[in-house]
Amino acid sequence: MKLVKDELLRKHCVLPLFKRGAKLFVGTADPTDTRALDEIKFHTNLVVEPILVDEEVLRRTVDLWLEANDSFRRRARRCGRTRKPGRGRRRGRAPRHRR
């Protein structure tokens, strides 16, 4: 789920957990940080519900998430493109043979 830009995750040390309807549930160590929650709300156009998460666990998880995301982007650039959904082999059917 890529609703919140990496720069906001780094800036506020928050992690989007899940989205339900028009609400985005965000893990944060400080659920009273209205400035951070308002900024996320502005950028996502969703109602933001904070969920209290241990600060150290949150920091490690955000770091791992961003590191994995950066690694994926570097690999995608090296390959020249990312595969678009629905553009590969069709699932559930045998491959089509051309005549």
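Residues numbered from 1 in each chain as written. Predicted model: local features only at pLDDT ≥ 70, side-chain atom pairs only at ≥ 80, totals over all residues. Heavy atoms only, no water.

Draft legend 1. Representation of the overall build of the chain within the structure. Secondary structure assignment for the chain yields 3 helices and 3 strands. Listed N to C, the secondary structure of the chain is α-β-β-α-β-α in terms of helices and strands. Counting all 99 residues of the chain, 26% fall into the buried class. Sequence separation of at least 24 residues holds for 53% of the intrachain contacts in the chain that already meet a minimum separation of 6. Summed over all atoms, the accessible surface of the chain reaches about 8200 Å², with 49% contributed by carbon and sulfur. (Helix = DSSP H or I, 4+ residues; strand = E, 2+ residues; numbered from the N terminus. Buried < 20%, exposed > 50% of the residue type's maximum accessible area, 1.4 Å probe, protein only. Contact = heavy atoms within 4.5 Å. Areas by Shrake-Rupley, 256 points an atom, 1.4 Å probe, with all protein chains shown as cover.)

Draft legend 2. Expanded view of the sheet that holds strand 3 (residues 47–52). Read from one edge of the open sheet, 3 strands run 1-2-3, paired in mixed fashion. Strands at the two margins of the open sheet, each flanked by one partner only, are strand 1 (14–20) and strand 3. Between one strand and the next, the sheet's axes are offset by a mean angle of 30 degrees, whatever the strand orientation. As defined by bridge partners, strand 2 (residues 23–28) adjoins strand 3 across 6 bridges and the pair is classed as parallel. Residue pairing for strand 3: phenylalanine 25 is matched across the bridge by glutamate 49. Strands in contact with helix 2 (residues 34–44) are strand 1, strand 2 and strand 3; relative to strand 3, the strand with the most contacts, it is inclined by about 140 degrees. Contacts from helix 3 (residues 55–79) reach strand 1 and strand 2 within the one sheet, and its direction differs from that of strand 1 by about 80 degrees. (Pairing = 2+ DSSP bridges. Axes fitted to C-alpha atoms, helices over the stretch in contact; angles between N-to-C directions.)

Draft legend 3. Structural context of the side chain of threonine 28. Examined against the element boundaries, threonine 28 turns out to sit in strand 2. Look at threonine 28 and you get buried, because its relative accessible area is 5%. Polar side-chain contacts of threonine 28 include one of 3.2 Å to the backbone nitrogen of aspartate 30. Residues within four places of threonine 28 in sequence aside, it is in contact with Val14, Pro50, Ile51, Leu52, Val53 and Leu58. (Polar contact = N/O pair within 3.5 Å; in protein donor to acceptor, adjacent residues only side chain to side chain.)

Draft legend 4. Spatial organisation of the side chain of aspartate 6. Counting through the fold element by element, aspartate 6 comes out in helix 1 (residues 6–12). A relative accessible area of 7% places aspartate 6 in the buried class. Once residues lying within four places of it in the same chain are set aside, the contact partners of aspartate 6 are Trp65, Leu66, Asn69, Asp70 and Arg73.

Draft legend 5. Broad picture of the pairing of strand 1. Strand direction decides the pairing type here: strand 1 and strand 2, joined by 6 bridges, are antiparallel. Along strand 2, the bridge assignment pairs arginine 20 with lysine 23. Connecting strand 1 to the next strand, strand 2, in antiparallel fashion are 2 residues, including glycine 21 with a positive phi near 65 degrees.

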